[in-house]
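Structural description and commentary
Now for the letters of each chain:
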Amino acid sequence: MSGTVVDFSRFSYRYPGAAAPSLRDVDLRVADGEFVVLAGRSAAGKSTLLRAACGLVPHFHGGEAAGSASVCGLDLSENGPAELHGAVGLVAQDPETQVVAATVRGELELPLEIAGEPAASRARAVEEASLALGIAHLLGRSTQTLSGGELQRVALASALVGRPRLVLLDEPTSQLDPVAGDELIGLLRRLNEEWGTTIILAEHRLERCLAAADRVVAMAEGRIAFDGEPAAYLDWALDSDAALATPLARLFDGAGMRPAPVSVKVARARLAGASSGSPASADLVAHSASNSALARKGEGEALRVKRLWVELDHGEGPHEVIRDLSLRIEPGEVVALMGRNGAGKSTLLRGIAGLADARKGKADAPAGWALVPQAPGDLLVREQVGDELPGPEGQAALAAVGLAGAVDADPRDLSGGERQRLALAIAMAGRAEGAMPGLICLDEPTRGMDTARKHELAGRLADLARMGSAVLVATHDVEFAATFAERVVLMGEGEVLADGTAEEILSGGWYFATEVARALGAGGPITPERGAELLRERAAAGER
Amino acid sequence: MIAALTYVPRRTPMGRAGALAASAYLGAFVAVAFAFSHPVVLAADALAVVLAGLLAGTGRALAVSARFALWLGVLMIVTNAIASQRGETVLVRGPDLPVLGTVDVTAEAIAEGGILALRVAIVIAAFAVFTAAVDPDRVLRLLRPIARRSALTATLVVRLVPLAAADHARLRDGAALRGPAAAPVSRSSLVRRLVAGSLDRSVDAAAALELRGYAGTAPGRARKLPRSPVDAGFWFAAAAVWGLAAVCVGAGAVTYESYPGIELGLDPLGVALVLALPALAAIPHLVGGARR
């Protein structure tokens with residue numbers, strides 16, 4: 001089948017009661033079989049555009065729409081999600097609300113059953129979708145017992161099982177570890193190439209998906225700011241908003257090597273061509289071993305975990321999630337806790353906070369702890385910031401996160417970053433002698449965050465460490481970890497697999513390595529800035 | 001931690017049984033609770049439901065329902081004792097109140113309250129076992145061709161209950177994570193926050209159903225699920241309980257009156273019902289377990 005799948009012409013949309021439109025004069029045409037990546041900062045209109053492409057906007061959400069829009073040949077002014085459901089699949093940001101059946105098999109069968117598919121074809125489609133997504137072993141499980149990553153794959157399988165012509169995905173890798181995230185992008189590319197499925201993927205972590213894309217559409221303030229090929233997009237992003245560029249693009253830009261490469265493969269070829277040897281040489285490694293956590297040893301303890309065992313029961317009998325884990329963190333250390341989905345990162349943090357009971361061993365934070373959970377909103381229950389944190393200690397906590405001036409604000413009116421800071425202040429308040437507890441933990445703080453906000457958060461974590469707190473952050477985001485962490489603890493199966501400096505852990509590997517480290521091909525530089533500095537030094541040395 | 005009432009696929013015979021067979025089986029014990037007021041029959045019926053729940057692997061759901069039923073039962077007994085002024089055996093001669101008059105507490109009113117409480121406890125326990133052991137997708141699949149809109153509403157509710165339970169667990173954790181100097185979280189503010197969040201959740205879940213085509217095309221024919229080999233045991237038990245109960249009602253084999261004085265009657269057929277209820281509750285599990 002060929003032709004236009006999505007055809008928007010001067011399409012604008014405003015949510016009910018919203019002050020400003022979320023989409024403004026959008027002109028977009030997507031051809032059958034294209035793989036389009038939707039880029040842009042948070043609140044740029046990406047999710048709304050996806051919701052429009054599946055008919056939820058305006059048919060389900062209401063509001064005012066103007067202009068014309070058609071999807072798979074159906075005019076959206078007359079056709080809503082019910083009419084589009086066989087042709088369009090959506091994987092939303094939060095898979096928890098997208099999964100509606102009690103079992104995984106039931107979830108995958110539901111759309112087929114509603115469409116009246118015969119039993120044999122349903123069974124085959126469920127089998128194929130579950131095998132393609134690697135969830136065949138989950139078919140008999142209750143959807144209530146799945147982890148976030150598993151739930152996301154089930155939501156994707158459910159969207160794909162009816163083989164829609166167009167698949168829309170809203171940050172599908174936000175809850176996936178690097179391995180699962182790469183696998184998902186590979187799978188989408190395969191669906192696109194082998195089944196001809198048109199893919200529109202909204203994503204902040206462009207380094208994961210740009211190489212797979214045919215085209216990038218960048219949005220800003222509800223408008224389409226750029227529409228073109230991935231290589232041209234990187235040039236545009238570097239010139240107009242560097243936070244929208246990939247780490248690799250920033251590396252090459254910083255080293256004065258434009259145009260920026262789209263993939264690690266192209267980058268390696270360019271780097272190999274630019275010098276006689278690989279840049280992955282000993283001098284790069286030697287330069288990198290700077291801020292080792294080892295130098296800090298003996299300065300006291302912010303966290304002491306000793307031979308900790310934690311069991312959880314998801315209704316199918318208890319199983320060990322943390323196994324004989326020991327860990328020590330010193331005051332002022334900034335540590336990233338990494339590992340694949342289900343490795344035990346969140347459970348370890350919950351164990352530290354006393355939310356998960358230890359079967360054996362213990363976790364102790366002698367100078368106090370604070371934990372901000374994955375959804376900071378879970379800590380916000382009142383209608384004024386000042387009501388959340390009354391009294392001098394509360395005010396001190398607000399001042400520590402830079403929100404002393406927001407006491408009269410409604411937490412719902414704060415930006416995402418401010419809400420996260422408020423949650424941190426609530427978690428910290430009164431935990432220590434001063435305003436700061438000895439250990440501050442954050443669980444997956446970058447879900448749904450754009451790169452600019454991640455940098456802002458990294459700066460804030462560094463500030464907390466400077467004030468004397470140890471910071472422990474559970475994250476799947478390798479690039480984010482590279483910007484803030486001086487030490488990385490890699491977990492697997494409830495155990496510590498590796499524990500070392502960020503430069504040691506986040507380079508030299510296949511998955512738990514930054515894009516820059518993979519391009520440079522050796523242990524050492526992991527951030528674009530450091531990599532660019534070294535490339536410039538190397539170029540200068542070559543000229544001499 | 002998964003909420004105790006959440007459905008989890010189980011390898012027990014009831015976990016493997018068809019939704020219709022399991023519904024008929026549990027429904028039979030609920031019917032007995034409504035058909036008879038004799039405390040011995042109700043006690044046997046309660047024992048049967050507890051046995052069914054334990055053999056179905058839903059002990060936690062039973063424990064949760066028992067806690068809830070206990071509080072509700074105490075409330076019902078106290079309310080009936082105060083509100084009902086019938087009965088010959090006055091235990092406490094109460095005060096004269098302006099509107100209610102003399103409030104006496106009688107043994108018969110307490111007994112009647114106890115019967116009501118036991119009946120409600122059986123229904124709650126059976127519902128808990130049903131919720132935890134019977135696949136709601138299968139139940140909704142049965143319902144969908146008959147009552148499409150009701151099935152849609154039920155699907156939404158079935159999905160929202162565990163979502164609300166998960167949200168509640170997270171908010172409770174959030175409350176525990178607040179620093180000592182942060183304002184404490186009252187139960188009312190937690191509930192307010194949960195309700196506000198549930199509205200958003202319900203909109204998202206409804207959107208997901210829309211995208212599955214729930215609102216559009218006519219529902220597909222319910223898939224004819226292969227009959228489970230354990231179904232026969234559950235059908236047999238259901239039929240036997242329904243049949244025996246009908247015979248007992250027809251023959252007047254079980255009688256009970258609370259007022260004006262407590263009168264109990266249980267003839268041999270009634271005794272057979274009392275003995276049969278726990279046995280019939282256990283049979284499909286034992287037969288199904290042996291068949292596996």
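Fair warning: this is a prediction, and the values are worked out from it, not measured in the lab.

Basis of the calculations
Residues numbered from 1 in each chain as written. Chains lettered and ligands numbered in written order. Predicted model: local features only at pLDDT ≥ 70, side-chain atom pairs only at ≥ 80, totals over all residues. Helix = DSSP H or I, 4+ residues; strand = E, 2+ residues; numbered from the N terminus. Buried ≥ 20, exposed ≤ 12 C-beta atoms within 10 Å, placed from the backbone. Contact = placed C-beta atoms within 7 Å. Rg over C-alpha atoms; globule rule 2.2 N^0.38 Å. Nonpolar A, V, L, I, M, F, W, Y, C, P; charged D, E, K, R; others polar. Pairing = 2+ DSSP bridges. Right-handed = clockwise from strand over helix to strand, strands pointing away. Core = buried A, V, L, I, M, F, W, Y, C linked by C-beta atoms within 7 Å. Axes fitted to C-alpha atoms, helices over the stretch in contact; angles between N-to-C directions. Parallel < 35°, antiparallel > 145°, perpendicular 65-115°, else oblique. Expected span 1.5 Å × (residues − 1). Left-handed = near helix turned anticlockwise from the far one by under 90°. pLDDT = per-residue confidence, 0-100.

Turning our eyes to something else, we now look at the overall build of chain B. Of regular secondary structure, chain B possesses ten helices and six strands. With the principal axes as the frame, chain B shows a C-alpha extent of 60 × 60 × 35 Å. In chain B, buried positions account for 42% of the 292 residues. The contacts in chain B between residues at least 6 apart in sequence include a share of 77% that link residues at least 24 apart.

The helix and strand inventory of chain A stands at 21 helices and 19 strands. Scaling as 2.2 N^0.38, a compact globule of 544 residues should have a C-alpha radius of gyration of about 24 Å, and chain A matches this with 24 Å. On the principal axes, the C-alpha backbone points of chain A span a range of 65 × 65 × 50 Å. When burial is assessed residue by residue, chain A has 57% of its 544 residues classed as buried. Put simply, of all contacts in chain A between residues at least 6 apart along the chain, 69% involve residues at least 24 apart.

In this complex, chain B contributes 47 residues to the contact, which on the side of chain A involves 57 residues. Within the residue set of the side of chain B that touches chain A, elements represented by two or more residues are helix H6 (136-143), helix H7 (148-177) and helix H8 (187-211) of chain B. In terms of residues, the side of chain B that touches chain A owes the most to one element, H8(B), which gives eleven residues. Split by residue class, the side of chain B that touches chain A holds 25 nonpolar, nine polar and 13 charged.

Glancing now at the sheet that holds strand E5 (residues 74-75) of chain A. Residue and element names in this part refer to chain A. Spatially, the four strands line up as an open sheet ordered E2-E1-E4-E5, and their pairing is antiparallel. The sheet is open, and its two borders are formed by strand E2 (23-31) and E5, each paired with just one other strand. When strand E1 (residues 4-14) meets E2, the two strands line up antiparallel, connected through six bridges. Paired with Val6 across the bridge in E2 is Val30.

All names here are of chain A. Counting buried positions along strand E16 (residues 439-443) gives five out of five residues, so the element sits mostly inside the fold. Pairing geometry for strand E15 (residues 369-372) and E16, over four bridges, is parallel. Paired with Leu371 across the bridge in E16 is Cys441. Alignment of E16 against strand E17 (residues 470-474), held across five bridges, turns out to be parallel. Within E17, the position partnered with Asp443 by the bridge is Ala474. The parallel pair E16 and E17 is bridged by helix H17 (residues 451-466), and the resulting crossover is right-handed.

Moving on to the nonpolar core. Ala425(A), Ala481(A), Leu506(A) and Val129(B) are the most contacted members of the largest nonpolar core, which totals 249 residues. A total of 13 residues in this core trace back to one element, the largest contributor, which is helix H5 (residues 107-133) of chain B. Once residues lying within four places of it in the same chain are set aside, the contact partners of Val129(B) are Leu26(B), Val49(B), Ala52(B), Gly53(B), Ala56(B), Thr58(B), Ala61(B) and Leu62(B).

Further remarks concern the environment of Ile110(B). Residues and elements named next belong to chain B. Relative to the elements of secondary structure, Ile110 occurs in helix H5. Sequence separation of Ile110 and Arg149 is 39 residues, and the distance between their C-alpha atoms is 42 Å. Filtering out sequence-adjacent residues up to four positions away, Ile110 remains in contact with Ile77 and Ala81.

This part is about the sheet that holds strand E9 (residues 215-220) of chain A. All names here are of chain A. Read from one edge to the other, the open sheet built from six strands follows the order E6-E7-E8-E3-E9-E10, with strand pairing classed as mixed. Edge strands, defined here as strands with exactly one partner in the open sheet, are strand E6 (88-91) and strand E10 (223-228). Ignoring strand direction, the axes of neighbouring strands in this sheet form an average angle of 15°. Relative to strand E8 (residues 198-202), strand E3 (residues 35-40) runs parallel, the two sharing four bridges. Paired with Val37 across the bridge in E8 is Leu201.

Moving on, we come to unusual backbone geometry. All names here are of chain A. Residues Val57 and Pro58 are joined by a peptide bond in cis, for which omega reads 5°. Locating Pro58 in the fold gives a position in helix H2 (residues 56-59). Not every positive phi belongs to a glycine, and Glu171 is a case in point at roughly 45°. Of note, Glu171 is situated in the loop between strand E7 (166-170) and helix H7 (178-195). On the neighbour-count criterion, Glu171 (23 C-beta atoms within 10 Å) is buried. Unusually for a residue other than glycine, Glu444 sits at a positive phi of about 45°. Since 20 C-beta atoms lie within 10 Å of it, Glu444 is described here as buried.

Here we come to the packing of helix H2 (residues 19-35) of chain B against H5(B). Residue and element names in this part refer to chain B. One can describe the packing of H2 onto H5 by two numbers: an axis separation of 9 Å at closest approach and a directional angle of 170°. One finds that H2 runs roughly antiparallel with respect to H5. Along the contact surface, H2 presents Leu26, Phe29, Val30, Ala33 and Phe34, while H5 presents Arg119, Ile122, Val123, Ala126, Val129 and Phe130.

Residue and element names in this part refer to chain B. Inspection of the secondary structure puts Ala117 in helix H5. Sequence separation of Ala117 and Ala69 is 48 residues, and the distance between their C-alpha atoms is 7.7 Å. The contacts of Ala117, once residues within four sequence positions are left out, are Gly73, Met76 and Ile77.

In this model H2(B) runs 24 Å from its N-terminal to its C-terminal C-alpha over 17 residues, within 8% of the 24 Å that 1.5 Å per residue would give. Taken as a whole, H2(B) has its buried residues at Ala19(B), Ala21(B), Ala22(B), Ala24(B), Tyr25(B), Leu26(B), Ala28(B), Phe29(B), Val32(B) and Ala33(B).

Residues and elements named next belong to chain A. Within the secondary structure, Arg447 is located in the loop between E16 and H17. Classification of Arg447 by C-beta neighbours within 10 Å gives partly exposed; the count is 19. For Arg447 and Ala375, which are 72 residues apart along the polypeptide, the C-alpha to C-alpha distance reads 8.9 Å. Not counting the four nearest positions on each side in its chain, Arg447 is found in contact with Ser174, Gln175 and Gln374.

The next thing to look at is the packing of H2(B) against helix H3 (residues 39-55) of chain B. Residues and elements named next belong to chain B. For the pair H2 and H3, interaxial distance at closest approach is 9 Å and the crossing angle is 160°. Between H2 and H3, the crossing angle belongs to the class labelled roughly antiparallel. Of the two elements, H2 crosses H3, and the hand of that crossing is left-handed. Where H2 abuts H3, its residues Leu26, Phe29, Val32 and Ala33 lie against Leu42, Asp45, Ala48, Val49 and Ala52.

A few words now on the confidence of the model for chain A. Predicted confidence across chain A gives a mean pLDDT of 88, with 93% of residues reaching 70 or more. Contacts from residues 276-295 of chain A, a stretch scored under 50 in pLDDT, to residues over four places away or in other chains number 30 contacts.

So, about the confidence of the model for chain B. Residue and element names in this part refer to chain B. Residues of chain B with pLDDT of at least 70 account for 93%, and the chain-wide mean is 86. Here strand E2 (residues 96-97) is the element of chain B with the lowest mean pLDDT, 77, and H3 is the one with the highest, 96. Under the prediction, the complex receives an ipTM of 0.80, its pTM being 0.80.

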